[in-house]
Amino acid sequence: MSKQKSSDIVLPGTILGVAEEFFPGDNVVESNGYLISTAIGRVRIDAARRVIKVDSFKKLYYPQLGSMVYAIVTSVREDIALLRIIGPRLDNYVSGNQYAGAIHISQSGLGRDVRSLYSVLRFGDIVYAKVISKSNPFILSLKHASAGVVLSFCPRCTNHLAKKKDRLVCTRCGYTESRKVSPKYIYQI
Ligand SMILES: [Zn+2]
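Summarised in this report is the structure supplied together with it. (Residues numbered from 1 in each chain as written. Predicted model: local features only at pLDDT ≥ 70, side-chain atom pairs only at ≥ 80, totals over all residues. Heavy atoms only, no water.)

As a further point, take the overall build of the protein. A count of helices and strands for the protein gives zero helices and 16 strands. A compact globule built from 189 residues should have a C-alpha radius of gyration of about 16 Å, whereas the protein, at 22 Å, is more than 25% larger. By principal-axis analysis of the C-alpha atoms, the protein measures approximately 70 × 30 × 30 Å. For the protein, the proportion of its 189 residues judged to be buried stands at 40%. Looking at the protein alone, contacts between residues at least 24 apart form 51% of all its contacts between residues at least 6 apart. Total accessible area on the protein is roughly 10,800 Å²; 53% of this is exposed by carbon and sulfur atoms. Where the 27 positive side-chain charges of the protein centre and where its 14 negative ones centre are 8 Å apart. (Helix = DSSP H or I, 4+ residues; strand = E, 2+ residues; numbered from the N terminus. Rg over C-alpha atoms; globule rule 2.2 N^0.38 Å. Buried < 20%, exposed > 50% of the residue type's maximum accessible area, 1.4 Å probe, protein only. Contact = heavy atoms within 4.5 Å. Areas by Shrake-Rupley, 256 points an atom, 1.4 Å probe, with all protein chains shown as cover. Lys, Arg positive; Asp, Glu negative; His and termini not counted. Charge placed at Lys NZ, Arg CZ, Asp CG, Glu CD.)

Time to look at the nonpolar core. Residues L121, V127 and L140 are the most contacted members of the largest nonpolar core, which totals 37 residues. Of all the secondary-structure elements, those providing two or more residues to this core are β8 (68-76), β9 (80-87), β11 (126-131), β12 (138-141), β13 (148-151) and β15 (167-170). Sorting elements by how many residues they give to this core places β8 first, with six residues. In this structure, V127 is in contact with V69, Y70, A71, V73, L83, I103, L121, G148, V149 and V150, ignoring residues within four places of it in sequence. One finds V10, F22, V28 and A39 within the second-largest nonpolar core, a separate group that totals nine residues. (Core = buried A, V, L, I, M, F, W, Y, C linked by side-chain atoms within 4.5 Å.)

Put into structure tokens, the structure is as follows:
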């Protein structure tokens, strides 16, 4: 049996070591006293905790309860908005990622006097929101200091809107509106 070292690249089925040496971590199973990789990836050994795991090259993203995600608004009604979840970052969008999200008006983050989600979100907006359920479709919330719209386009001229204090303004045509704007909004003036 060839013993694997940290950083070695392994395949599913590769024997990584024996169960007396390590506890199985991510992408590692124990079988007949052997520790076997279940993924293509790189071996990681945590000597202090005696855990061996494999960092898979295929990162399968799953929205975690309590985490923050980017999502694009696909429809808005008075009391609920539907979204498609992009992921924890905007620059690693994985197409084919089919997780859906929903924001209820009670999670608008703007208090009880908000009567309609039309004043909070719009079709095509990209929002930063908190995941507050465990399975698809995920319930999202804007009740978080960093949550809100991070990119929106002008309904009049389709230029991107810029954040100016708590409002969104179009630098081309002057259109202005209020929103639940995230401090992470992409264009700020
Ligand atoms: Zn405009």
